[in-house]
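A look at the structure
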Number of protein chains: 2
Amino acid sequence: MKATVLIRPKEGILDPQGEAVGEALRTLGFSVTSARVGRLVDIDLETDDPAAAETALAAMSRDLLANPLIESFTIEIEGDA
Amino acid sequence: MKATVLIRPKEGILDPQGEAVGEALRTLGFSVTSARVGRLVDIDLETDDPAAAETALAAMSRDLLANPLIESFTIEIEGDA
């Protein structure tokens, strides 16, 4: 079963990388109000049970993928795999 | 108008960061077959026209956000902003 974890800097947390990207886009002529940069992790799980997958992915995100102090995460599980 | 660009290493492109994440997850006891790590950029655009936003985001991705040689990108525009 395939899933994607989206990891973003929390609201209010400074994101210098996003500010640099926003500034670069404006320099290139794009009308961008703001940009924030995060990470994504595509994970292929052995389980085929969506509920078990969701539980495992939340644990992975808390334990390893995200820094819960400064980052929030969203789990997206593919319809079927 | 808010949108997200998802950037992933192309199929067949080596992803050492993803391999490290997969290995770390297995070490922690999670049953993970594979993991691939990419980036996401949340962008707030001045335009409210979805078609114009899509065109601008594709140009941004090609010009700055992604490396088209080794990365593919997906554009997700929020239903309304």
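Everything below is about the structure shown above.
A brief look at the structure comes next.

Rules behind the numbers
Residues numbered from 1 in each chain as written. Chains lettered and ligands numbered in written order. Predicted model: local features only at pLDDT ≥ 70, side-chain atom pairs only at ≥ 80, totals over all residues. Heavy atoms only, no water. Core = buried A, V, L, I, M, F, W, Y, C linked by side-chain atoms within 4.5 Å. Buried < 20%, exposed > 50% of the residue type's maximum accessible area, 1.4 Å probe, protein only. Helix = DSSP H or I, 4+ residues; strand = E, 2+ residues; numbered from the N terminus. Contact = heavy atoms within 4.5 Å. Salt bridge = Lys/Arg side-chain N within 4 Å of Asp/Glu carboxyl O. Buried area = accessible area lost by both parts, 1.4 Å probe. Polar contact = N/O pair within 3.5 Å; in protein donor to acceptor, adjacent residues only side chain to side chain. Nonpolar A, V, L, I, M, F, W, Y, C, P; charged D, E, K, R; others polar. Pairing = 2+ DSSP bridges.

1. Structural notes on the nonpolar core
Core analysis: the largest hydrophobic core is formed by 22 residues, its most contacted members being Val41, Ile43, Leu45, Leu57, Met60 and Leu65 of chain A. If you list the elements that add at least two residues to this core, you get β1 (2-9), β2 (32-45) and α2 (50-65) of chain A together with α1 (16-27) and β2 (32-45) of chain B. For this core, the element with the most residues is α2 of chain A, which contributes 7 residues. Not counting residues up to four positions away in its chain, the partners in contact with Leu45 of chain A are Met1, Ala3, Ala53, Leu57 and Met60 of chain A together with Ser31, Val32 and Thr33 of chain B. Of all hydrophobic cores here, the second largest spans 21 residues; its members include Ala3, Val5, Ala58 and Leu65 of chain B.

2. Observations regarding the pattern of salt bridges
Residues and elements named next belong to chain B. Using the criterion set out here, one finds 8 salt bridges over all chains in the structure. Across the pair Glu23 and Arg26 runs a salt bridge, and its minimum N-O distance is 3.5 Å. Of the two residues, Glu23 and Arg26 both sit in helix α1, 3 residues apart, roughly one turn of that helix. The exposure class of Arg26 is partly exposed, given its relative accessible area of 36%.

3. Quick notes on the interface of chain B and chain A
Contacts between the two partners involve 31 residues from chain B and, on the opposite side, 31 residues from chain A. Where chain B abuts chain A, roughly 2600 Å² becomes buried across the two surfaces, and 64% of that area is made up of carbon and sulfur atoms. Joining chain B to chain A, the criterion identifies 2 salt bridges. With its nearest N and O atoms 2.6 Å apart, the salt bridge here joins Asp42 of chain A to Arg8 of chain B. Our count for the chain B to chain A interface comes out at 12 residue pairs in polar contact (both at pLDDT 80 or more). Elements with a minimum of two residues in the side of chain B that touches chain A: β1 (2-9), α1, β2 and α2 (50-65) of chain B. For the side of chain B that touches chain A, the element with the most residues is β2 of chain B, which contributes 14 residues. Split into classes, the residues belonging to the side of chain B that touches chain A amount to 19 nonpolar, 5 polar and 7 charged. Here 13 bridges tie β2 of chain A to β2 of chain B, and the two strands are oriented antiparallel to one another.

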